[in-house]
Amino acid sequence: MLPDWLRPKGASTRLAVDVTFLETSFSRPSPVLPEGFSLSRVTGDEALSLYRFLYLTVGQEYCWWMRRSMPDAELGEILHDPAVHFMVLRDSSGEPAGFYELDLRQGGDANLAYFGLLPQAMGRGLGRALLDHAVARAFGAGSWRLRVNTCTLDHPNALPNYRKAGFAVRHVVSETWDVPDEYVPERLRRL
């Protein structure tokens, strides 16, 4: 059953999506970020507002909406859990370039809950380095498996990039989402 905050309160658009579930059970050597970039874990008071900014900016064209409608108290509880790693990629000036959310709450069965780059950081080889860091972090924390999912609304390179990084498809599920109109990207409103 869906939580109340996931049910549209007003006008919504029904979208058919295929969700692909992938996993990997091996890690590669710890990668090196391109020169001038750093990766750090964000916790504390800064986490919620920075997470919301990154989630919106990375995902707005790909219909990332579920965390946008999640109440601050619930999202804050997730982000402040010591087993959830909110990692932010920054450029040499300290500006965010991307992020990932690694959920280690299920013991060794890790989940890469969210992953993405800001539009201006795409096409520079940062995605693979960031993904390799997420994989290394999961297995460095003792995980035996790392899961991730993507869907047909995500960036078209998401699935090929996960596969190139060593993730194997486990199954695909067709779903129908009722997305509040305020979260539907313009390109999907024209369909």
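Refer to the structure above for everything that follows.
Residues numbered from 1 in each chain as written. Predicted model: local features only at pLDDT ≥ 70, side-chain atom pairs only at ≥ 80, totals over all residues. Heavy atoms only, no water.

Colleague: Summarise the nonpolar core; cite the residues concerned and give the values.
Modeller: Membership of the largest hydrophobic core comes to 33 residues, with the highest contact counts inside it found for Tyr-51, Phe-86, Phe-99, Leu-153, Trp-177 and Val-179. Mapped onto this core, the elements with two or more residues apiece are strand S1 (12-24), helix H1 (45-59), helix H3 (72-79), strand S3 (84-90) and strand S7 (168-180). Of all the elements, H1 adds the most residues to this core, at 6 residues. Membership of the second largest hydrophobic core comes to 28 residues, among which are Ala-110, Leu-130, Leu-131 and Ala-134. (Core = buried A, V, L, I, M, F, W, Y, C linked by side-chain atoms within 4.5 Å. Buried < 20%, exposed > 50% of the residue type's maximum accessible area, 1.4 Å probe, protein only. Helix = DSSP H or I, 4+ residues; strand = E, 2+ residues; numbered from the N terminus.)

Colleague: Break down the sheet that holds strand S4 (residues 96-103) for me, citing the residues and quoting the values.
Modeller: What the 7 strands build is an open sheet, ordered S2-S3-S4-S5-S6-S1-S7; its pairing is mixed. Unpaired on one side and paired on the other, strand S2 (38-41) and S7 mark the two borders of the sheet. The average undirected angle you get between the axes of adjacent strands in this sheet is 25 degrees. Of the pairings in the sheet, the one linking S1 to S7 comprises 12 bridges and is antiparallel in character. Its bridge partner lying in S7, Glu-23 is registered against Ala-168. Lying on the sheet, helix H4 (residues 126-140) is in contact with S1, S2, S3, S4, strand S5 (109-117) and strand S6 (145-151); it crosses S5 at an angle near 160 degrees. (Pairing = 2+ DSSP bridges. Axes fitted to C-alpha atoms, helices over the stretch in contact; angles between N-to-C directions. Contact = heavy atoms within 4.5 Å.)

Colleague: Can you explain H1? Please cite residues and give values.
Modeller: Between its first and last C-alpha atoms H1 spans 22 Å; for 15 residues at 1.5 Å apiece the expected length is 21 Å, and the two agree. Among the residues of H1, Ala-47, Leu-50, Tyr-51, Leu-54, Tyr-55, Thr-57, Val-58 and Gly-59 are the ones counted as buried. Buried residues in H1 make contact with helix H2 (66-69), H3, S3, S4 and S5. (Expected span 1.5 Å × (residues − 1).)

Colleague: Residues and numbers for the environment of Ser-69, please.
Modeller: Mapped onto the fold, Ser-69 is located in helix H2. Measuring from C-alpha to C-alpha, the distance between Ser-69 and Gly-123 comes to 29 Å, with 54 residues separating the pair along the chain. Discounting residues that sit within four places of it in the chain, Ser-69 has contacts with Trp-5, Leu-6 and Tyr-183.

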